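# Observations on the model geometry
Chain residues, written in single-letter form:
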Amino acid sequence: MRNAQAIPIRSIPLLPAEEFCVEVLEAVLHEARLSALFCAPVDGELRLFAILAEDRLGVLHALSAPAGQAYPSLTPDCPQAHLFEREIWETWGVTPLGHPWLKPVRFPARDPLGREVLGPEIGQARFMEALGEGGHEVAVGPVHAGIIEPGHFRFLCHGEDVLHLEISLGYQHRGIERALTGGPDPRFLQYMQTLAGDTTIGHATAACQNLEALSGCDVPAGALVFRAIALELERLANHAGDLGALAMDVGFLPTSSFLGRIRGDFLNMTAKLCGSRFGRGLVKPGGTGFDLGQPRAEAVRAHLAQVFPQCMEAVELLWSTPSVVSRFERTGSVSRVDALALGLVGVAARACDVEIDVRQDFPVGAFAFSHIPVAVSQTGDVAARAFVRHMELLHSEKFLTEHLTHLPACANTCGFQAGVGNLAPNSLAVSLVEGWRGEICHVALTDATGRFAAYKVVDPSFHNWAGLAMALRNQQISDFPICNKSFSLSYCGHDL
Amino acid sequence: MIQHIIARLRQGHRTLAFPQRQPELPDRYPGRPEINPALCADCETRGACVAACPVGAITLADPQSGGLSLDLGRCLFCTQCAAACPRGAIRFTGDYRLAASRREALVLRGQPLELARPLPPERLALFRNSLKLRQVSAGGCNACELDTNVLGTLVFDLGRFGIQFVASPRHADGVLVTGPVSQNMRLGLEKTWAAAPSPRVAIAVGACAISGGPYAGHSEASDGCAGLVPVDLFVPGCAPHPWTILDGLLRLLGRGETG
């Protein structure tokens, strides 16, 4: 199947669990990635689903198996399954046999059916320990020392060196996937826009693509371009903000303060388009909530033309300041092999020379007609993650200038909104979007009445938190802030 | 070094002389809604506004007035109610000033919005010129957090008002909460609040922190922080504009007009 396409559930191979595991492992060996692995009820029976992405071919595969009580864990041979399998175990009580670190993910108080569960309290788990002479642990959070979401981090150290960072989240869990079951209800779009509020456009687009695929709705060209413009503006704002935050964390205040302001300018461009700095209400099922005429596009283009050179000037200061570069280089390195094994996505993957980008590999909407080059770097360190952001700023600006100048000619006649009808029953749709952090994957399954039997959200952070843990190995605790900023992951997108 | 100086000169001065100079907000920014219940009589699509609201912020049978009311504390500013109303009884005015001192003041029944009042005298005397806040994100989606954090950038330059976000609740004069208070963050918020010395202030930023926002009614969350801390300032929005938050903070300190 292709991105943003619906297929009948009965067309998905239903294999015995052992065979399912072999198939998934085979596929991953042959360069497929695990975009999602989850449990969902189908006809009163719990099933395992795997969504495999073949980036080179632009093809997605869905596989399923009866979940039963237990199945052989994929994680020992396929580390990128580790968090998915923990989630399956925590949510549904299905045990992946042989999983090396079966621990809670979100510490939910309810199961998917809304029944209270008696799991461990938040923050209570069998954490890894640093034993022996010189071994010690440093625990920080959930409440951190800035304006930032909550999470618990445990540094396992030997002397000054960090052996491993254990990350335990779940503090932001607010039960979104449970609430989505049986929908879409009137709050659907609000949930999608606040899965990760800094990725409102990315997640809302992924969600709407699913509804459109399931209802066979054709979105007008003007709306597709409008969505892509908003997505790239979201990328500009967040990449600029992250580069500014990196500058702050190495004590380089000029770039930090310039980019702090410039990030706001990018957000204000989104607000010019839809009234909200985060793009609330811009993406709607069937199209966009607003129109985009040439005068408005021109105003945003002119603002961009004014701000972008200032943005580049501030970013280039980073690279021309030796003390910044020496702090970025060789800090928080992740190898290409580890990046592939962990299934990293987005900026974090591309900084390790893994050339994946949904906009190139699974293009839909405006990206099917307008190619954005993929920015990669080789060193896998903080410098590489900063450099990839720098390149992506350049690419996004070019895309924006082009599309704000040449809006689709038909926009005036075919409008920005098409009707979304009933969803196809007994179907599955997968929607991928390259958000500014990386691949956003939404999977919708409908029941016999066309309501959601399950709705699975995979924020790029879900893949990438393990990358941060790897990056901290053999570093010092003082390297954590810039490593953390260079990944810039979402807590609420992970916790749902 | 010379590059840094040239860049500094080119980047220019960016801080707005708020509140003497007022910010210009984009034309599509919805801002404060205004309602006129008198226009609802014999409405041909009665109930359309209620049905259009994803979070139940609108009622046509308000317990006090018996007519139309809109709860700003729940409102996500999606403007679907205004689009559904054939009479123009609900319209969004573009006014960014939204913060209130009382939860009840946020329920609009046709009266003008009663904006936030200064703190009571004993706390005002302490905090008027210096307010240190500890921020707690408790299930927030990172939008309110970002638009609070942005107050530290040079456009807003929060520090010039003597307001600052600090790392420890021990150093804080109050706590600013975002998010619906997930069950998993209840204890975190309670402990942070307990660690802030009295007298102190509590501020709820965003629809989630005031009412639960889109997560109202979820058993995984707490419908906001009002049940856990005594809130002195409610800043509505999803997410509130940074100017809305700043305006609220200054009003709380009795400096809404003067800065």
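Attention in this report is confined to the structure presented alongside it. Quick caveat, the model's predicted, so the values are computed rather than measured.

### Remarks on the environment of Leu249(B)
All names here are of chain B. Considering the arrangement of structural elements, one finds Leu249 in helix α8 (residues 242–252). Taking the C-alpha atoms as reference points, Leu249 and Phe161, 88 residues apart in sequence, are found 9.7 Å from one another. Sequence-distant contacts of Leu249, that is, excluding residues within four places in its chain, are made with Leu133, Leu151, Leu158, Ile163, Ile203 and Leu233.

### Concerning the layout of surface pockets
Its volume calculated, the second largest pocket comes out at about 820 Å³. For the second largest pocket, the lining is made up of 29 residues, of which Asp265(A), Asn268(A), His303(A), Glu24(B) and Val155(B) are closest to its centre. Elements represented by at least two residues in the lining of the second largest pocket include exactly α7 (253–274) and α8 (294–319) of chain A. Examining the composition of the lining of the second largest pocket, we find that eight residues originate from one element, α7(A), more than from any other. Partitioning the lining of the second largest pocket into residue classes produces 13 nonpolar, nine polar and seven charged.

### Examining the sheet that holds strand β8 (residues 174–178) of chain B
Sheet strands pair via backbone hydrogen bonds, and the direction of the pair is either parallel or antiparallel. Residue and element names in this part refer to chain B. Pairing in this open sheet of five strands is parallel, and the strands run β7-β6-β8-β9-β10 from one edge to the other. Where the open sheet ends on each side, the last strands, each with one partner, are β7 (163–165) and β10 (233–235). Adjacent strand axes in the sheet meet at a mean angle of 25 degrees, parallel and antiparallel pairs treated alike. Judged from the five bridges that link them, strand β6 (residues 131–137) and β8 form a sheet pairing that is parallel. Note on β8: the bridge partner recorded for Gln135 is Leu176.

### Quick word on the packing of α8(A) against helix α1 (residues 2–11) of chain B
Helix-helix packing is described using two parameters, namely the angle between the two axes and the distance between the axes. Taken N-terminus to C-terminus, the directions of α8(A) and α1(B) make an angle of 155 degrees; their axes are 11 Å apart at the nearest point. What the angle tells us is that α8(A) and α1(B) run roughly antiparallel. Considering the relative orientation of α8(A) and α1(B), their crossing is left-handed. Counted together, Gln310(A), Glu313(A), Ala314(A) and Leu317(A) of α8(A) and Gln3(B), His4(B), Ala7(B), Arg10(B) and Gln11(B) of α1(B) form the full contact between these two elements. Split into classes, the residues belonging to the contact of α8(A) with α1(B) amount to three nonpolar, four polar and two charged.

Reading guide: rules and limits
- The numbers attached to residues start from 1 for each chain and follow its sequence in the written order.
- Here every chain gets a letter starting at A, and every ligand a number starting at 1, in the order they are written.
- Totals for whole chains, interfaces and linings use all residues, but because this is a predicted model, local features are given only for residues with pLDDT of at least 70 and pairs of side-chain atoms are given and counted only at 80 or more.
- To obtain the side-chain values, all non-hydrogen atoms of the structure were included, while hydrogens and water were left out.
- Per the convention used, a helix needs a DSSP run of H or I reaching at least four residues, while a strand needs a run of E reaching at least two, with both numbered from the N terminus.
- We call two residues in contact when some of their heavy atoms are within 4.5 Å.
- Method remark: on a 1 Å grid restricted to protein atoms, a set of points is classed as a cavity if a 1.4 Å probe fits but cannot get out and as a pocket if it is open with protein on both sides within 12 Å along at least five of seven lines; lining residues have an atom within 4 Å of a point.
- Grid points are joined across faces, edges and corners, and a volume is the space filled by probe spheres set on the points.
- Three classes are used: nonpolar for Ala, Val, Leu, Ile, Met, Phe, Trp, Tyr, Cys and Pro, charged for Asp, Glu, Lys and Arg, and polar for all others, with Gly counted as polar.
- We treat two strands as partners when DSSP finds at least two bridges between them.
- Working convention: axes come from line fits to C-alpha atoms, limited for helices to the stretch in contact. Angles between N-to-C directions cover 0 to 180 degrees.
- The labels follow the angle: roughly parallel below 35 degrees, roughly antiparallel above 145, roughly perpendicular from 65 to 115, and oblique for the rest.
- If you view the pair so one helix is near and one far, a crossing is left-handed when the near helix is turned anticlockwise from the far one by less than a right angle, and right-handed when it is turned clockwise.

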